[in-house]
Amino acid sequence: MMNEEKVIIFQLKDEEYAVPVQHVKSIERMQPITRIPRTVSFVKGVINLRGVVTPIIDLRSRFEIEEVTHTDTTRIIIVSVGSIEAGLIVDAANDVIDLDRESIEPPPEVVGGVDAEYIHGVAKLEKRLLILLDLVKVLNPEKLDVQPTKESIH
Amino acid sequence: MEMTQYLDIFIEESKEHLQSINQQALLLEKSPGELSIVNEIFRSAHTLKGMSATMGYEDLASLTHCMENVLDAIRNNKIEVSSSVLDVLFASLDHLEAMVVEISEGGSGKRDVTETVRDLEALEKGEVPKKIQADTKNEAKSLHAYDQYEKQIIIQSKEQGFHAYELSISLRDDCILKAARVYMVFEVIEQIGEIIKTMPAVDMLETEQFGTHFTLSILTKESAENVKERILKVSEIDAVEVNDIKADQLNISSNSESEENKKLEQQEVTSQDKKSEPQQTSNAGSSGKTIRVNIERLDQLMNLFEELVIDRGRLEEISKSLKSMELNETVERMSRVSGDLQNIILTMRMVPVEQVFNRFPRMIRGLAKDLGKKVNLEIVGAETELDRTVIDEIGDPLVHLLRNSIDHGIENPEIRSSKGKNETGTIYLRAFHSGNHVFIEIQDDGAGINKQKVLSKAIENGIITKEMSENLTDKQCFELLFASGFSTADVVSDISGRGVGLDVVKNKIESLGGSIAVDSTEGSGTIFSIQLPLTLSIMSVMLVEISREKYAIPLSSIIETAIIKKEDILSAHNQKVIDFRGKVVPLVNMKDVFEVPGSTDSGQHVPVVVVRKGDKMAALVVDSFIGQQEIVLKSLGQYLTSVFAISGATILGDGQVALILDCNALIK
């Protein structure tokens, strides 16, 4: 048991990703998102999550994978890391499994277009290849350099 | 037994008990004969003793135990409440408070209190505590202490050939109408001279709140022997002792003088919170009927409730379309109940400002002592309620302003009397509701602000130029006190007005969504008015639509809304402007600033919201006004910390999130 970790598996393009279950608060269906002006493009806006205003990040956009229109399987995975709580838009949320820690390998340079920086490791699971996300890095607010467009009035 | 889990409760409750003892002790000072107050103090002290003993804080427990003994002796009429008793009581309280603070900071609550314990034990045995005994010895046979003003009178009268005597009068033990005897003695003396001081105070004499003994200081041309004879003619007088007040008694060392002043001011510094007094007695009765709730749980409750409100809205719509009578009625009833529920939840977070105000009488007492001033604090409206979060934050700014009023506002007693004012200065601390705001005012009848000094200080510190200073109105001049460069260390001594760190006060209050203003009349006082929102979580906004997005603009920054014609838009330096009541106001197209997707054609008429930041204005171009609304303020969370021109969000009735505009960021 010590060597196993429960993870939530989700789909992004053709890859399967995993995040530790203790970071996942809930999985929500797509819902209306209020756009927040002048933030980075991968921040899609905020939603009302049972009374809490929660920022939503499009993971495709975050990892610079081409964006697609949302479908019935699109989900928002609400994750919390430290004091930060945010929702990640993914193509589908598939599974919860116990992952043997020993099967985790260090990340190769590039996996499916995602910078190794955001990856904690990869795990082979029979025929599947799981990419373990480093949520701390993915949610690093320092990466949120707001692009200043037009100056405000003087 | 593992106690750490109870530590928080222990600290909280100890603080409450100490606060209550403090308050009651101040009341006791005003009416020393009131045994119900002593009982109240005893109860709190007793609980405190029990709690600290259980928690293993022996020093705390033993000190409260000694206090309890003294209180018990008072209850049983073994000793009388006097200023020396209260002094020791307050000294013990100081120790207890320090101990609790130390415990809350993780300490062991140990403290050297032997001296206070000794004093308490002495009191219990009916002796005068050592320290105070020493003081009395110092002053030879002087029974009274005189303040500057009284000394002045005595010295002057002596120069005019009057004698100043201290009379020590004892009534017979079987004297029935003590007050009547006192009155007769007064009558006698007033025929031959003037009474300048009594011990205990006159009102206490009149209400028979003394033993069989009292003292008077009088001025007369009669000889001591003569005075004595005359008084002895009043029946039921046991003994009269007449002592001359010597000149050297009037110049007692400054040390013991301040010591004495302290004692005197106990009588003079009093809080007259008339409204809260009857409340306190009723509070005492109902103290078991409240529970402590973690504020986070209340927040959760509020969030869940908002969800419910949103679903209620959906239900209402569904029931309308289904047109079922039964469903309609049920939904209506549910709406009503949930409306009431919402009110209850909101008011649950509200606490009376009393919680903050309570600590001030004691603070003023101490400050006045230290500064040698006489101050009377009048609290009005302590029952006014404010959101818990605001209450927690407002204490420090108020302390600062009150200190300011005593330090710079209220003059010394001599100066006051030379100006023909009452020697005792008054500070009013008022709280009241008005609309969606709570106002807190601190008014003193002190020296007021010297405009010229403020201006020269401001020029010296480079806040304004000399030219600018000439055109300032009074109001603008007083505003300078809040400028950040104004507070320098030497202001205290340089300026008889104000200005120490008021910028900090202002920042704090503004961070709470409030504002502060000051007004003053030189010579007759100053008033600071603080305006605070009722709660931090609810604000009034104007909802507007930009394309299909909804934004909330805080009403506090809106001057007005208007619909302007396209041809009225002018152009100056590539910036579109409008003429708004004779002022050129820049136009800000929100669609461009926020890069709102959607068409940009807005027809011939352009709705604008004129907003301000200080003196600057801007006209925000929107697509349409939705209307005014009360909203619940929500933060955007830890992830989105620096979003341009957005200060937060709110959830609208339909469950959608709307963003709140930060007008300060839009105007530079």
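For chain B, an unreviewed UniProt entry supplies the name Chemotaxis protein CheA and the organism Fictibacillus halophilus.

An unreviewed UniProt entry lists chain A under the name Purine-binding chemotaxis protein CheW, from Fictibacillus halophilus.

## Looking at the overall build of chain B
Of regular secondary structure, chain B possesses 26 helices and 22 strands. In chain B, buried positions account for 48% of the 668 residues. Nonlocal contacts in chain B, meaning residues at least 24 apart in sequence, comprise 70% of its contacts between residues at least 6 apart. Accessible surface, chain B as shown: approximately 33000 Å² in total, 49% of it carbon and sulfur.

## With respect to the interface of chain B and chain A
Reports often express the size of an interface as the amount of accessible area lost when the parts come together. On the chain A side, the residues contacting the 36 residues of chain B number 31 residues. With both chains or domains summed, chain B and chain A bury close to 2800 Å², and 62% of this area falls on carbon and sulfur atoms. On the chain B side of the interface with chain A, the three residues burying the most area are Tyr639, Val657 and Lys668 of chain B, jointly 27% of the side's total. For the pair chain B and chain A, the interface holds one salt bridge.

## Some words on the pairing of strand 4 (residues 43-49) of chain A
All names here are of chain A. Taking burial as the measure, the seven residues of strand 4 include six buried ones, the bulk of the element. As judged from the six bridges shared by strand 4 and strand 5 (residues 52-58), these two strands associate in the antiparallel manner. Counterpart to Gly45 in the pairing with strand 5 is Ile56. Linking strand 4 back to strand 5 in an antiparallel pair, the connection comprises two residues, with Arg50 at a positive phi of about 45°.

## Let's talk about the sheet that holds strand 15 (residues 570-572) of chain B
All names here are of chain B. Read across the open sheet, the six strands follow the order 14-18-19-17-16-15; overall the sheet is mixed. The outermost strands of the open sheet, each flanked by one partner alone, are strand 14 (558-565) and strand 15. If you compare each strand with its neighbour and ignore which way they point, the axes differ by 40° on average. Bridge analysis of strand 18 (residues 605-613) against strand 19 (residues 616-621) gives six bridges, and the strand direction is antiparallel. Paired with Val609 across the two strands is Leu620, which belongs to strand 19.

## As for the packing of helix 8 (residues 178-192) of chain B against helix 10 (residues 224-232) of chain B
Residues and elements named next belong to chain B. The N-to-C vectors of helix 8 and helix 10 enclose an angle of 145°; their axes lie 9 Å apart at closest approach. Here helix 8 and helix 10 pass one another in a crossing that is right-handed. Contacts between helix 8 and helix 10 involve Val185, Val188, Ile189, Gln191 and Ile192 from the first element and Val227, Arg230 and Ile231 from the second. Among the residues forming the contact of helix 8 with helix 10, the class breakdown is six nonpolar, one polar and one charged.

## Quick notes on unusual backbone geometry
In the Ramachandran plot, Glu64 of chain A falls in the positive-phi region, its phi being about 55° despite a non-glycine side chain. Summarising the element assignment, Glu64 of chain A is placed in the loop between helix 1 (59-62) and strand 6 (75-81). For Glu64 of chain A, a relative accessible area of 74% gives the class exposed. At Lys323 of chain B, a residue that is not glycine, the phi angle is positive and equals roughly 55°.

## With respect to the pattern of salt bridges
Residue and element names in this part refer to chain B. Tallied over the full model, the rule gives 28 salt bridges over all chains. Taking the shortest distance from any N to any O, the salt bridge between Glu411 and Lys419 comes out at 3.5 Å. With a relative accessible area of 7%, Glu411 lands in the buried category. When its relative accessible area of 46% is taken as the criterion, Lys419 is described as partly exposed. Through salt bridges with shared partners, a single ionic network connects Glu411, Arg416, Lys419, Lys421 and Asp445.

## Quick word on the packing of aromatic side chains
Residue and element names in this part refer to chain A. Tallying each qualifying case throughout the model produces eight aromatic pairs over all chains. Where Tyr17 meets Phe63, the ring centres are 6.2 Å apart and the plane angle is 25°; that geometry is what we call stacked. Taken together, the residues Tyr17 in strand 2 (residues 15-20) and Phe63 in the loop between helix 1 and strand 6 connect sequence positions 46 residues apart. Here Tyr17 falls in the buried class, since its relative accessible area comes to 0%.

What counts as what
- Residues numbered from 1 in each chain as written.
- Chains lettered and ligands numbered in written order.
- Predicted model: local features only at pLDDT ≥ 70, side-chain atom pairs only at ≥ 80, totals over all residues.
- Heavy atoms only, no water.
- Helix = DSSP H or I, 4+ residues; strand = E, 2+ residues; numbered from the N terminus.
- Buried < 20%, exposed > 50% of the residue type's maximum accessible area, 1.4 Å probe, protein only.
- Contact = heavy atoms within 4.5 Å.
- Areas by Shrake-Rupley, 256 points an atom, 1.4 Å probe, with all protein chains shown as cover.
- Buried area = accessible area lost by both parts, 1.4 Å probe.
- Salt bridge = Lys/Arg side-chain N within 4 Å of Asp/Glu carboxyl O.
- Pairing = 2+ DSSP bridges.
- Axes fitted to C-alpha atoms, helices over the stretch in contact; angles between N-to-C directions.
- Left-handed = near helix turned anticlockwise from the far one by under 90°.
- Nonpolar A, V, L, I, M, F, W, Y, C, P; charged D, E, K, R; others polar.
- Phe/Tyr/Trp six-rings, centres within 6.5 Å; stacked < 30°, edge-to-face > 60°.

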